[in-house]
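Architecture and fold: a report
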Amino acid sequence: MLPVLDLSGMVLRLGGREVLAGASFTVEAGEIVVVIGPNGAGKTLLLELVVGARPLQGGQVRGRGVTLAGLAARAGLLAWVADEARPTAEMRVAQILDEAARIGGAAAELRERIVAGLALGPHLRARAGVLSRGERHRVAIAEALLLRRPLTVLDEPLAAFDPLQRTAACDLLRELARAGHALLMTVHEMHTAERIADRIVLLHEGRVLAVGTLAELRAAVGRETGDLEDIFVALLSKGRDAA
Amino acid sequence: MRRELVLVFGARVTWAVAALVAAVVGHSFVLAVDLYGQASASVAAGSLAAREFEPLLAVLRPTVGGWSFCVTLIGPVLAARVLAAEKDRRTFHARLLALGSARRLMVRKLLAAWLGLLLLAAPIVLCALVWAATGGHLDVVESLVVLLGVVLHAGWIAAVSTAAAAWSGSTPQATALALLLCVSPWILDAAGEFAALAWLAPVQRLSISPHLAGFERAVLQPGAVLWLVVAVLGALALACIGARDDWTRRRRGGSAALVGAVSLAALLVGDRWRGGWDLSEARHSSLPLAIADAVAELPAPLVLDIGLDRDDARRAQLEQDVVLRLELVRPDLVVRFPFDAAAADAGSRGDAYGRILVQVGDRAVETWSTSRRELITLLFEAAQRPMPAWEYPPYAGHPRVLGGGARSAIAVVVYLLVPLLLGAMALSRPGERAR
């Protein structure tokens with residue numbers, strides 16, 4: 001089966017500096033792929049290239065085997081939540097979610113599940129503008145998920161959650177993935193990435209250092225145990241040594 | 001579309017701006033009514049001068065002028081915000097992907113911005129109703145033509161502001177660019193009034209003002225409507241291109257240049273399409289009917305060589321009083337200004353300054369008068385044809401002196417009630433939490 005998303009040789013230069021240098025990996029249906037990397041690694045820029053928020057300077061973005069050349073092609077495949085996205089402040093949360101559910105043809109059960117998973121129930125009647133930063137970001141995530149696109153791309157979606165909410169949100173995202181939904185996201189916290197990711201992409205200075213499951217990444221650094229943070233440090237050291 | 005409408009009408013800033021514009025429009029209306037009343041008092045005895053009292057030009061036009069000035073300066077803030085707010089909130093690209101079409105999103109943004117600006121125009125209608133309610137005369141058809149001009153003007157500002165927002169990264173950038181674009185016609189307009197700016201003349205017709213002038217006199221000109229529609233569609237197309245963040249700069253620039261060139265060509269076609277229908281009461285903006293019919297039959301070419309430069313007030317009067325009326329019946333009228341070609345200063349004008357050469361077919365006569373009747377008479381003289389009787393259809397005029405009570409009522413409505421109502425609407429809208 002063709003991957004939902006296939007990135008090959010993604011290149012981006014900004015101000016004469018190469019900020020992405022040939023990033024390549026795939027996202028399969030029903031898979032959660034998490035991009036991690038130090039600050040300035042190019043995680044957000046990579047996602048922006050995927051969703052078409054920036055022009056691609058090199059490489060290719062394919063969705064289910066077809067090159068995603070235009071907006072319509074991308075729109076048929078993916079939904080996008082930018083970091084710190086703030087949904088329409090003047091609208092009530094329920095209105096925002098209803099509109100997304102209507103566009104995506106989402107059933108009432110899915111809407112309820114997403115509302116519960118993202119702890120939005122108490123805020124449905126509130127205007128989005130009066131919510132806290134974290135609450136607004138959760139509304140933006142719910143809106144994207146209700147569009148029911150095969151792939152949802154999220155930039156730092158879990159940063160604004162408290163620990164309990166994060167657990168519920170991770171459960172929801174896993175449940176959606178089990179139902180065949182693919183997710184590509186950046187995550188800053190290693191333990192969250194470890195918990196939610198099917199596969200992890202380690203990005204450093206615009207280059208993909210490694211892609212794989214946690215077990216595969218451990219194997220890549222020759223370890224049988226150790227958390228993602230240890231593997232991350234080891235891979236970075238290995239990358240520097242190789243350079 | 002619901003989201004766009006909520007973005008406009010659910011925002012505090014929209015109603016706050018509407019309250020401000022209502023106060024300015026109301027003030028324009030009160031000043032116009034006061035002046036009209038003072039002038040009317042002098043013809044209360046029913047003299048012939050009463051026929052010159054047209055509420056269209058003396059009351060409605062200044063009220064619209066107040067709106068026009070205000071909406072040019074504040075309208076872009078509202079109109080650009082409809083799109084730019086989503087860029088600030090980092091949801092713009094998500095919305096593009098959700099709808100799957102830049103065109104659909106831009107059309108929604110444009111329509112919402114347009115409706116927002118029409119909210120700002122509501123005080124004009126209210127002032128007209130107040131005027132009618134206090135016994136003032138208002139012709140429905142000519143008032144509707146004036147309002148059509150307002151609607152199209154609002155559409156132009158909405159479209160230009162939407163395009164500016166699409167090409168900008170944030171609300172401050174979008175607002176600054178939209179303001180610059182909306183105010184730029186004032187610079188072009190100045191070219192028509194100052195000899196020092198005569199070098200701007202080739203682009204003067206790219207200003208929106210000449211195309212709105214007919215509406216203000218209740219003259220419906222298809223060319224002006226076409227010009228405004230093309231300007232709106234061109235700006236919409238530019239907005240669609242500006243929204244495509246996935247395109248390279250070269251592709252966006254090339255597409256924008258192409259759209260600009262096509263729009264420019266279409267604007268020129270609209271500009272060349274002269275003529276129209278005078279829908280003012282008693283056809284006040286036209287020549288007398290019999291004269292108009294006879295002028296339409298005069299042989300071509302019909303040429304006016306006007307030896308006046310841009311600094312001369314007689315020239316503006318001639319353009320508005322004679323040229324506009326002649327163009328209604330003779331769209332092929334050629335008007336030339338010999339003093340525009342040479343950078344003539346007052347000392348080098350010579351004896352030819354002030355001379356107007358009236359040419360019909362191969363015959364020409366000259367005059368130094370700028371009187372409408374004199375020039376029309378010369379047209380027939382040059383054509384060696386008899387001139388029909390100069391008779392306008394009966395128009396009594398509508399002088400109106402407002403009593404103290406009516407005047408106070410108007411002041412309360414336009415200075416207090418309407419701005420306060422709109423201000424209350426602004427306060428009832430929820431604010432946005434910063435973090």
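Residues numbered from 1 in each chain as written. Chains lettered and ligands numbered in written order. Predicted model: local features only at pLDDT ≥ 70, side-chain atom pairs only at ≥ 80, totals over all residues.

Okay, the domain arrangement of chain B next. Residue and element names in this part refer to chain B. Taken domain by domain, chain B holds domain 1 (2-278 + 402-428) and domain 2 (285-383). Taking the mean C-alpha position of each, domain 1 and domain 2 sit 32 Å from one another. Contacts between the two partners involve 13 residues from domain 1 and, on the opposite side, 10 residues from domain 2. When grouped by side-chain class, the residues that make up the side of domain 1 that touches domain 2 number six nonpolar, three polar and four charged. (Domains from an automatic or database assignment. Contact = placed C-beta atoms within 7 Å. Nonpolar A, V, L, I, M, F, W, Y, C, P; charged D, E, K, R; others polar.)

Okay, the interface of chain A and chain B next. In this complex, chain A contributes 32 residues to the contact, which on the side of chain B involves 26 residues. Looking at the side of chain A that touches chain B, the elements with two or more residues in it are helix 2 (71-77), strand 6 (78-81), helix 3 (93-104) and helix 5 (133-146) of chain A. Per element, the largest residue contribution to the side of chain A that touches chain B is five residues, and it comes from helix 2 of chain A. Among the residues forming the side of chain A that touches chain B, the class breakdown is 20 nonpolar, four polar and eight charged. (Helix = DSSP H or I, 4+ residues; strand = E, 2+ residues; numbered from the N terminus.)

The next point concerns the sheet that holds strand 6 of chain A. All names here are of chain A. A sheet is described by the order of its strands in space; here six strands give the open sequence 6-7-8-3-9-10, paired in mixed fashion. On the outer flanks of this sheet lie strand 6 and strand 10 (207-212), each paired with one strand and no other. Strand after strand, the sheet turns through a mean of 15° between neighbouring axes, direction not considered. Pairing of strand 7 (residues 151-155) with strand 8 (residues 182-186) involves five bridges; the strand directions are parallel. By the bridge assignment, Asp 155 is partnered in strand 8 with Thr 186. Lying on the sheet, helix 1 (residues 43-51) is in contact with strand 3 (32-36), strand 6, strand 7, strand 8 and strand 9 (199-204); it crosses strand 7 at an angle near 150°. (Pairing = 2+ DSSP bridges. Axes fitted to C-alpha atoms, helices over the stretch in contact; angles between N-to-C directions.)

Our next topic: unusual backbone geometry. Along the chain, Ala 300 of chain B connects to Pro 301 of chain B via a cis peptide bond; the corresponding omega equals -5°. For Pro 301 of chain B, the position within the fold is in the loop between helix 12 (289-296) and strand 3 (302-306). The backbone of Arg 64 of chain A shows a phi angle near 50°, a positive value even though the residue is not glycine. Mapping Arg 64 of chain A onto the fold places it in the loop between strand 4 (58-63) and strand 5 (66-67).

Turning next to the confidence of the model for chain B. Residues and elements named next belong to chain B. On average, residues of chain B carry a pLDDT of 87, and 95% of them reach 70 or more. When pLDDT is averaged over each element of chain B, helix 6 (residues 140-166) comes out on top at 95 and helix 8 (residues 201-204) at the bottom at 74. Interface scoring of the predicted complex returns ipTM 0.89; its pTM is 0.87. (pLDDT = per-residue confidence, 0-100.)

Turning our eyes to something else, we now look at the pairing of strand 6 (residues 363-367) of chain B. Residues and elements named next belong to chain B. Two strands pair when backbone bridges link them, and strand 5 (residues 356-360) and strand 6 are joined in this way by five bridges, in the antiparallel orientation. The residue bridging Val 358 from the neighbouring strand is Val 365, located in strand 6. Between the antiparallel neighbours strand 5 and strand 6 lie two residues, among them Gly 361 with a positive phi of about 60°.

Before going further, it helps to examine helix 9 (residues 209-216) of chain B. Helical periodicity: at 3.6 residues per turn, an α-helix aligns residues three or four positions apart in one direction. Residues and elements named next belong to chain B. Along helix 9, the residues classified as buried are His 211, Leu 212, Gly 214, Phe 215 and Glu 216. Packed against the buried residues of helix 9 are helix 3 (55-88), helix 6, strand 1 (219-220) and helix 10 (222-242). Count one or two residues on from helix 9 and you reach Ala 218, which has phi positive near 65°. (Buried ≥ 20, exposed ≤ 12 C-beta atoms within 10 Å, placed from the backbone.)

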